[in-house]
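# Structural overview
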Amino acid sequence: MHIGVLMVKFNFPKIKLSISAIAVILIVALLCAGCVDTGEASKEKVLRVVFNEGPDTGGSLDPANGWTGWYVHQAGIYETLFYYDADMNLMPKLASGYKQLNDTEWEIQLRKGVTFHDGTKMDADAVLFSLNRVLDPSNSRSSEYSFIKDVQKTGDYTIVIETNGTCAPLISSLVDPIMSIVSPKASDLDKEPVGTGPFKFVSFEPSTSLELEKNPDYWGGEAKVDRVLIQYNKDSTARTMLIKSGDVDIARDPLQSEYSALKNNPNINVTSKETLRTYFLYVNGGKAPFNDTRVRQALSYAINRQEIVDTALEGVSGIPATGVFTNTMPWNANDQIKSYEYNPEKALELFEEAGITKGTDGKLYYNGKPFTVEIQTYTKRAALQPSAEVIASELEKIGITSKVTILESAALKENALAGTYDLSLSAWNTAPIGDPDYFLSTHFLSTGSYASGWLRYSNPQVDKWILEARNEPDKDKRAEIYDKIQEQIQEDAPVLPVFYANEIYALSSNVEGFVMYPNEYTIITKDIGFA
């Protein structure tokens, strides 16, 4: 990239800037320096975006590597066979349709006339290559697709997927960005992604930025902008500052405390929508006294969810949670499951039953020592730290000695897997494939990665129901089983739902065509442009 001389004037309010905020300004200056010119070049339409998080797998951009697929799909580089639209309707993308041949075989017809960014044809061979990369046992997430027995090419634009028994969520499972279709001729997918999306890869600075250019041969029609510059910044204050100063056109997850100011700014439009993301307190069920169901239930009764929404979220970026699934998830059973309304008296009653009693000093004691709870959380999402602090304050009110520890995501995960935590406040998109099997299997099936690795949770009846629902082709019968599962895990309380997230974006007033998708991995599309 040619770097020219640029004089930039920033009209920021007189505030003390953090190191991360100063770094953001320097990044903006460098990015802008490469794109400002005169004449025809000045007509180039560049979309500038700041996200709260980006690829964090050691610099890899391979969609089959962990959760990297989410970020490169958000950027518009990759596409999957199927997707969910803004109303959570399952739609074909690189597939043109499908049909179930029998209980265990599904035929998928592929879209013709699609090419990858390197000019390679998107056909059955490319799809087999892409899917088999995920099914390979060496892939860290291959176990999530253990229900797939085989994938065969039956024509240039037709494949058949065979499952191990009836598998109702098969088509939905192909929506996950890990199943992105990649060019089989790409030389290094870690460093240079090659997909079919509306935008092509240009450059990447790990943890810092991603640059894209318009795909002139996009099968779905021409993109409305020529380039996209994405910054990644964990600092919500810095993200808010960038949109207020006009140095970006779209900012994800700005400060909740700035919501009203942003709404009242004539140069900014704020959009908000309930997503599929739930904020949970993970409970270490392998550590006493948290292995006692009564203790977990008591903790849930001790949390004032409305207070968290009103204070930590400024009343704008969430609503109190009931069950694990948000109200936007069609499979939720929130209208019929047990609700843990704020009830400190009930909490103390359950604690006493579990041997945690109140001393003369008003503190709760367990085994003769003050009952102490540590809440671990991370920094990527603006709502996490303030929510954890409100929860700690609420636990203190009933006599629990509480503290909040802020960690990097990797350290949080390491502690969870090692069992060296009490409570962990985390955010999860509970239905990224639109089907309940995904989240329920990972978190509540005994062999699930989070059930066994984080929660130490096992209930044979829940296991039976999850597998039964997965193999049940009748949607109404599946719904009945999932209702039972949600009722049982609400009673067992291996995780404590705290609130359902409202995703917030702040956009420059001249941005048009931006649509919020509940699944959160469709963000940059061909339809975003400028008025």
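For the structure itself, look to the data block above.
The sections below set out a description of the structure shown in this document. (Residues numbered from 1 in each chain as written. Predicted model: local features only at pLDDT ≥ 70, side-chain atom pairs only at ≥ 80, totals over all residues. Heavy atoms only, no water.)

### Side note on the layout of surface pockets
Each pocket or cavity is described by its volume, and for the largest pocket that value is around 1300 Å³. Every residue lining the largest pocket is counted, 43 residues in all, and those nearest its centre are Asp56, Trp67, Tyr71, Lys380 and Tyr450. Counting residues per element, the ones that place at least two in the lining of the largest pocket are α2 (68–74), β12 (268–283), α11 (409–418), β19 (423–429), α12 (437–444) and α13 (449–455). Each pocket or cavity is described by its volume, and for the second largest pocket that value is around 450 Å³. In terms of lining, the second largest pocket is formed by 20 residues, of which the most central are Ala168, Ser172, Trp331, Asp435 and Arg478. If you list the elements that add at least two residues to the lining of the second largest pocket, you get β4 (95–100), α4 (170–173) and α15 (475–492). Residues of the lining of the second largest pocket, tallied by class, amount to twelve nonpolar, four polar and four charged. (1 Å grid on protein atoms, 1.4 Å probe; cavity = no way out; pocket = protein on both sides within 12 Å on 5 of 7 lines; lining within 4 Å. Points joined across faces, edges and corners; volume = space filled by probe spheres on them. Helix = DSSP H or I, 4+ residues; strand = E, 2+ residues; numbered from the N terminus. Nonpolar A, V, L, I, M, F, W, Y, C, P; charged D, E, K, R; others polar.)

### Quick word on the sheet that holds strand β14 (residues 356–358)
An order of β14-β15-β16 is seen for the three strands of this open sheet, with the pairing classed as antiparallel. Every interior strand has two partners, whereas the edge strands, β14 and β16 (369–370), have only one. Bridging between strand β15 (residues 364–366) and β16 involves two bridges; their strand directions are antiparallel. Bridge pairing in β16 places Tyr365 opposite Pro370. (Pairing = 2+ DSSP bridges.)

### Overview of empty space enclosed by the protein
Inspection of every chain in the model, using the stated rule, returns three cavities of 30 Å³ or more. The space that makes up the largest cavity amounts to roughly 140 Å³. Around the largest cavity sit 16 residues that line it, and Asp253, Tyr279, Ala501, Asn502 and Glu503 are the ones nearest its centre. Per-element tally for the lining of the largest cavity: the top contributor is strand β20 (residues 495–508), with five residues. Class assignment for the residues of the lining of the largest cavity results in seven nonpolar, four polar and five charged. Reported here for the second largest cavity is a volume of approximately 60 Å³. If you go around the second largest cavity, the residues you meet are Glu503, Tyr505, Phe514, Val515, Met516, Tyr517, Glu520, Thr522 and Ile523. Taken together, the residues that form the lining of the second largest cavity break down as six nonpolar, one polar and two charged.

### Considerations on the nonpolar core
In terms of nonpolar packing, the biggest core is built from 142 residues, with Leu81, Ile108, Ile159, Phe351, Ile375 and Phe444 touching the most fellow members. If near-sequence neighbours (up to four positions away) are discounted, Phe351 is found in contact with Val295, Ala298, Leu299, Ile356, Leu364, Phe371, Ile398 and Ile400. Listed in part, the twelve residues of the second largest apolar core include Leu242, Ile243, Val248 and Leu262. (Core = buried A, V, L, I, M, F, W, Y, C linked by side-chain atoms within 4.5 Å. Buried < 20%, exposed > 50% of the residue type's maximum accessible area, 1.4 Å probe, protein only. Contact = heavy atoms within 4.5 Å.)

### Quick look at the packing of aromatic side chains
Overall, the coordinates contain 25 aromatic pairs when judged by the stated rule. Seen from their ring centres, Tyr145 and Phe147 are 5.8 Å apart, and the 45 degrees between their planes marks the pair as tilted. Since its relative accessible area comes to 4%, Tyr145 is described here as buried. Owing to a relative accessible area of 8%, Phe147 belongs among the buried residues under this scheme. One residue, Arg141, lies across the ring of Trp67, its end atom 3.7 Å from the ring centre. (Phe/Tyr/Trp six-rings, centres within 6.5 Å; stacked < 30°, edge-to-face > 60°. Lys NZ or Arg CZ within 6 Å of the ring centre and 35° of its normal.)

### Considering the pattern of salt bridges
Using the criterion set out here, one finds 28 salt bridges in the structure. Among the salt bridges present, the one from Glu211 reaches Arg227, with a minimum N-O distance of 2.4 Å. Here Glu211, found in strand β9 (residues 209–214), pairs with Arg227, found in strand β10 (residues 227–232); they are 16 residues apart in sequence, far enough to count as distant. Among the ionic contacts, a cluster of salt bridges with common partners joins Arg252, Arg277, Glu503 and Glu520. (Salt bridge = Lys/Arg side-chain N within 4 Å of Asp/Glu carboxyl O.)

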